[in-house]
Amino acid sequence: MNLLDRITINPEIVHGKPAIRGMRWTVEMIIDLLGSGMSAEEIIEDHPELEKEDILASLKFAGMYLSGQPLQNIN
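Given the structure is predicted, the values throughout are model-derived calculations rather than measurements. Once a new chain begins, its residue numbering starts again from 1 and follows that chain's sequence as written. Totals for whole chains, interfaces and linings use every residue, but because this is a predicted model, local features are given only for residues with pLDDT of at least 70 and side-chain atom pairs only at 80 or more, for both listing and counting. Each side-chain value is derived from all of the structure's non-hydrogen atoms; neither hydrogens nor water enter the calculation.

**Q** Explain the pattern of salt bridges residue by residue, including any values.
**A** We count a salt bridge whenever a side-chain nitrogen from Lys or Arg sits within 4 Å of a carboxyl oxygen from Asp or Glu. Counted under the stated rule, the structure contains four salt bridges. In this structure, Lys17 and Glu28 form a salt bridge, with 3.1 Å as the shortest nitrogen-oxygen distance. Of this pair, Lys17 sits in the loop between strand E1 (7-8) and strand E2 (19-20) while Glu28 sits in helix H1 (residues 27-35), and the two are eleven residues apart along the sequence. Between Arg21 and Asp54 there is a salt bridge; the shortest N-O distance is 2.7 Å. Taken together, the residues Arg21 in the loop between E2 and H1 and Asp54 in helix H3 (residues 52-67) connect sequence positions 33 residues apart. Linked by salt bridges that have partners in common, Arg6, Arg21, Glu51 and Asp54 make up one network. Helix numbers and strand numbers start at the N terminus; a helix is a DSSP run of H or I with at least 4 residues, a strand a run of E with at least 2.

If you want it as structure tokens, here you go:
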């Protein structure tokens, strides 16, 4: 499975922001948690509905977005 398959964009979920697997967890929230100093393990411990691959997918998405790479196959 491609990590980016975990990122979804649906106008009816969190106003169309990139989200994790159709949940209300946005890529932005994950990046904010990491930026606050939380580790992936701490995030998952606090929010067991998330998986390590969700954190990695968020980082990959953010990196691609910031570098201007095409974000294909995001639904």
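We are not done yet, so read on.
**Q** Which residues make up the side chain of Thr26, and what are the values?
**A** When you line up the elements, Thr26 lands in the loop between E2 and H1. If near-sequence neighbours (up to four positions away) are discounted, Thr26 is found in contact with Val14, Lys17, Pro18 and Ala19. It only takes one pair of heavy atoms within 4.5 Å for two residues to be counted as in contact.

Remember, this is a structural readout, not a statement about activity or role.
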